[in-house]
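Coordinate analysis (summary)
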Amino acid sequence: QVQLVESGGGLVQAGGSLSLSCRASGRTFSSGSMGWFRQAPGKEREFAARITMSRGFTTYADSVKGRFTISRDRDKNTVYLQMNSPKPEDTAVYCCAARESVVTDWNYWGQGTQVTVSS
């Protein structure tokens, strides 16, 4: 059974920093990607960042580019999201996702972790 477990959410002040992590168990995604999506209250879920597990290629949404950094530890089957200079509009439930290849759907999802940015 594949599980993605996020940790590290919480309350942070605007301009501070916060780090999220997501560990996958049950299988590896060495040929695929892991990423972060987020959903703010009353809004649809949106893509934030992704990384290929083999070579570490990263992609970011424009809204987080330059402030957030995604990274991975292949040995630990874990992906991280370093959130620097967060803004109140970054407040959302952040969900980790994974896919077996870079062209398949995001088939695996974590439960999510709440991030609240205070002004």
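Structure report, in brief. (Residues numbered from 1 in each chain as written. Predicted model: local features only at pLDDT ≥ 70, side-chain atom pairs only at ≥ 80, totals over all residues. Heavy atoms only, no water.)

1. Things to note about the state of the cysteines
For the coordinates displayed, the defined rule picks out 1 disulfide. Two residues share a disulfide in this structure: cysteine 22 and cysteine 96, whose sulfurs sit 2.1 Å from each other. Taking the sign of the S-S torsion, about -80° here, the bridge from cysteine 22 to cysteine 96 comes out left-handed. With a gap of 74 residues between them, cysteine 22 in strand 3 (residues 17–25) and cysteine 96 in strand 9 (residues 92–99) connect regions that are remote in the sequence. Judged on exposure class, the residue cysteine 22 and its partner cysteine 96 are both buried. Free of any disulfide, cysteine 95 has its nearest cysteine sulfur in cysteine 96, 8.6 Å distant. With relative accessibility at 14%, the residue cysteine 95 sits in the buried group. (Disulfide = S-S within 2.5 Å. Helix = DSSP H or I, 4+ residues; strand = E, 2+ residues; numbered from the N terminus. Buried < 20%, exposed > 50% of the residue type's maximum accessible area, 1.4 Å probe, protein only.)

2. Describing the packing of aromatic side chains
This structure, assessed with the given rule, holds 4 aromatic pairs. Taking 5.7 Å as the distance between ring centres and 70° as the angle between the ring planes, the aromatic pair formed by phenylalanine 37 and phenylalanine 47 counts as edge-to-face. Of the two residues, phenylalanine 37 sits in strand 4 (residues 33–39) while phenylalanine 47 sits in strand 5 (residues 46–52), which places them 10 residues apart along the sequence. Residue phenylalanine 37 is classed as buried on the basis of its relative accessible area, which comes to 10%. Taken together, Phe37, Phe47, Trp106 and Trp109 form an aromatic cluster joined through their ring pairs. (Phe/Tyr/Trp six-rings, centres within 6.5 Å; stacked < 30°, edge-to-face > 60°.)

3. A look at the nonpolar core
As a rule of thumb, nonpolar side chains are buried together in soluble globular proteins. Ranked by size, the top nonpolar core spans 28 residues in total, and within it Met34, Trp36, Leu81 and Tyr94 carry the most contacts. Secondary-structure elements contributing two or more residues to this core are strand 3, strand 4, strand 5, strand 7 (68–73), strand 8 (78–84), strand 9 and strand 11 (113–118). With sequence-adjacent residues up to four places away left out, tyrosine 94 is seen in contact with Glu6, Leu20, Trp36, Phe37, Arg38, Phe68, Leu81, Met83, Gly112, Thr113 and Val115. (Core = buried A, V, L, I, M, F, W, Y, C linked by side-chain atoms within 4.5 Å. Contact = heavy atoms within 4.5 Å.)

4. A look at the pairing of strand 3
Regular strands place side chains that alternate from one sheet face to the opposite one. Pairing of strand 1 (residues 3–7) with strand 3 involves 5 bridges; the strand directions are antiparallel. Across the sheet, residue valine 5 finds its bridge partner in strand 3, namely arginine 23. Where strand 3 and strand 8 come together, 7 bridges link them in antiparallel fashion. Looking across to strand 8, one finds that arginine 23 is bridged to threonine 78. (Pairing = 2+ DSSP bridges.)

5. Quick look at the side chain of asparagine 77
Along the chain, asparagine 77 turns up in the loop between strand 7 and strand 8. Here arginine 27 takes part through its backbone oxygen, which lies 2.8 Å from a polar atom of the side chain of asparagine 77. Residues within four places of asparagine 77 in sequence aside, it is in contact with Cys22, Arg23, Ala24, Ser25, Arg27, Thr28, Phe29 and Met34. (Polar contact = N/O pair within 3.5 Å; in protein donor to acceptor, adjacent residues only side chain to side chain.)

Worth remembering: the numbers are spatial, not functional.
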